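Take a look at the letters that make up each chain.
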Amino acid sequence: MSSTSTSSTSTLPEPVVLPATTVGDATGILSSDEVSAFVREQLDAYPVDGRSVCILVPDATRTVPLPLLIKAVHASLAGRATRMTVLVALGTHAAMSDEALAAHLGYSEKGLEATYPGMTVHNHEWWDPETFADLGTIPAARMRELSEGRLDVDVPVHLNRAVVEHDIALVVGPVLPHEVVGISGGNKYFFPGVAGQDIIDISHWLGALITSAEIIGTTAQTPVRALIDEGAALIPADRLAFCVVGAAESDHGSPALHSVSFGDTIASWSAAAQVCAESHVTYLDAPVQRVLSLVPAMYADIWTGAKGFYKLEPVVADGGEVILYAPHITQISEMHPEIVEIGYHCRDYFVKQWDRFSHLHWGVLAHSTHLRGAGSYDAETREERLRVQVTLATGIPEQVCREANLGYLDPATVDVGAFEADPGTLVVPNAGEVLFRLR
């Protein structure tokens, strides 16, 4: 299979510019009928007839009513689009099984063809080099501008070829506070969602240089978002998105939505990010000494469950502690076992020993810094000072935690009620999606 190649200076179709239209707001809850009607109305009005559509969706580490959304999308596209391909934007997460995909997208009962006739579903197979098309390179000089001087490297732009081989790329997924890019969603479903390793590594390391605590929850154009948008501009397909904001807490039995925004991937993301900044940020008047993050089952390892730390780091007092309580988690990373050997360290630990670490995947180094948080490193004394303690109360053995430079607490000894009664502890249920900040 030949590789599709587009240089960053070649002629591309003029990008589709479609201002965002939004239903809902940060305070209300949309009914299923309102969501379906909005999706149908917006997509019915778009020129899809005779064109192929690649639908990018999140994996199971995001809370979103995908069956509701995909049902409405399919209803609009069926009989109009020549092809409908759902692509699960794994980034570098583990692949979803056939059973998991069926449950995730809502076709467990009747099967894929009976539920969504004419639609195919695929994991983003990031481990297979044949997955990717070559869209060109963002030159180092441009990267220097985008990163505000932090990085001076060429950025090869590789993307799942399914996106390139369809006429329309339609993102369907949530926006949430994010440790690398500020607010997730939009073009992030391309990079890193279905991207090659180079741009994943570089974008994540750029975020790490800025630091998670600095960038998380930012609705403005961050350097990482600028890099992602630059890469997305090389995609020849129309780039559209339904960017949704989920209800942080739902009593509806299934995930509910505050809002849905439709437009091009930049406009729809921008509109949804403003809603997210209202609905998914909780403000505290003073820092807390300790946080008990109750990590939900949708996070299968610390690589993903670390979101229970990212979202809480900004409100922890100097010298404080975040405990990730997740008895169901038994490994640090299924797909990136090298993180155990590297361990978890602050940004400067790597920056001041760059010759020692630069050959490793920068995305792995970035993850290490994101979970270890703020700190300093003295290259002469080799002393690392960390602002807060990170403790795992999981199924991971104590020795593994210690070797990874993390604390350990036996999960069997955790009494959530006792932590809740402690005035110095903040207990956060379903940790990982709502950001906590100080006023």
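Just so it is clear, the structure is predicted and the values come from calculations on it, not from any experiment. (Residues numbered from 1 in each chain as written. Predicted model: local features only at pLDDT ≥ 70, side-chain atom pairs only at ≥ 80, totals over all residues. Heavy atoms only, no water.)

Asks: Mind laying out unusual backbone geometry, listing which residues take part and the relevant values?
Replies: Each neighbour pair has its own omega, and for Phe 191 with Pro 192 the value is 15°, a cis peptide bond. Mapped onto the secondary structure, Pro 192 falls in the loop between strand S9 (182-183) and helix H7 (197-210). Phi angles above zero are rare outside glycine, and Arg 382 is one such case at about 60°. Arg 382 gets classed as exposed once you look at its relative accessible area, which sits at 67%. One non-glycine residue, Asn 405, lies in positive phi territory at about 70°. Structurally, the position occupied by Asn 405 is in the loop between helix H17 (398-403) and strand S18 (407-408). Note on Asn 405: relative accessible area 26%, which makes it partly exposed. (Helix = DSSP H or I, 4+ residues; strand = E, 2+ residues; numbered from the N terminus. Buried < 20%, exposed > 50% of the residue type's maximum accessible area, 1.4 Å probe, protein only.)

Asks: Lay out the sheet that holds strand S1 (residues 21-24) with the relevant residues and their values.
Replies: What the seven strands build is an open sheet, ordered S1-S11-S10-S7-S2-S3-S4; its pairing is mixed. The open sheet has two edge strands with one neighbour each: S1 and strand S4 (119-123). The average undirected angle you get between the axes of adjacent strands in this sheet is 15°. Here strand S3 (residues 83-89) runs beside S4; their pairing, made up of five bridges, is parallel. Across the sheet, the residue bridging to Thr 85 is Thr 120, located in S4. Its contacts with the sheet put helix H3 (residues 98-105) on strand S2 (52-58), S3 and S4, and the angle it makes with S4 is roughly 125°. (Pairing = 2+ DSSP bridges. Axes fitted to C-alpha atoms, helices over the stretch in contact; angles between N-to-C directions. Contact = heavy atoms within 4.5 Å.)

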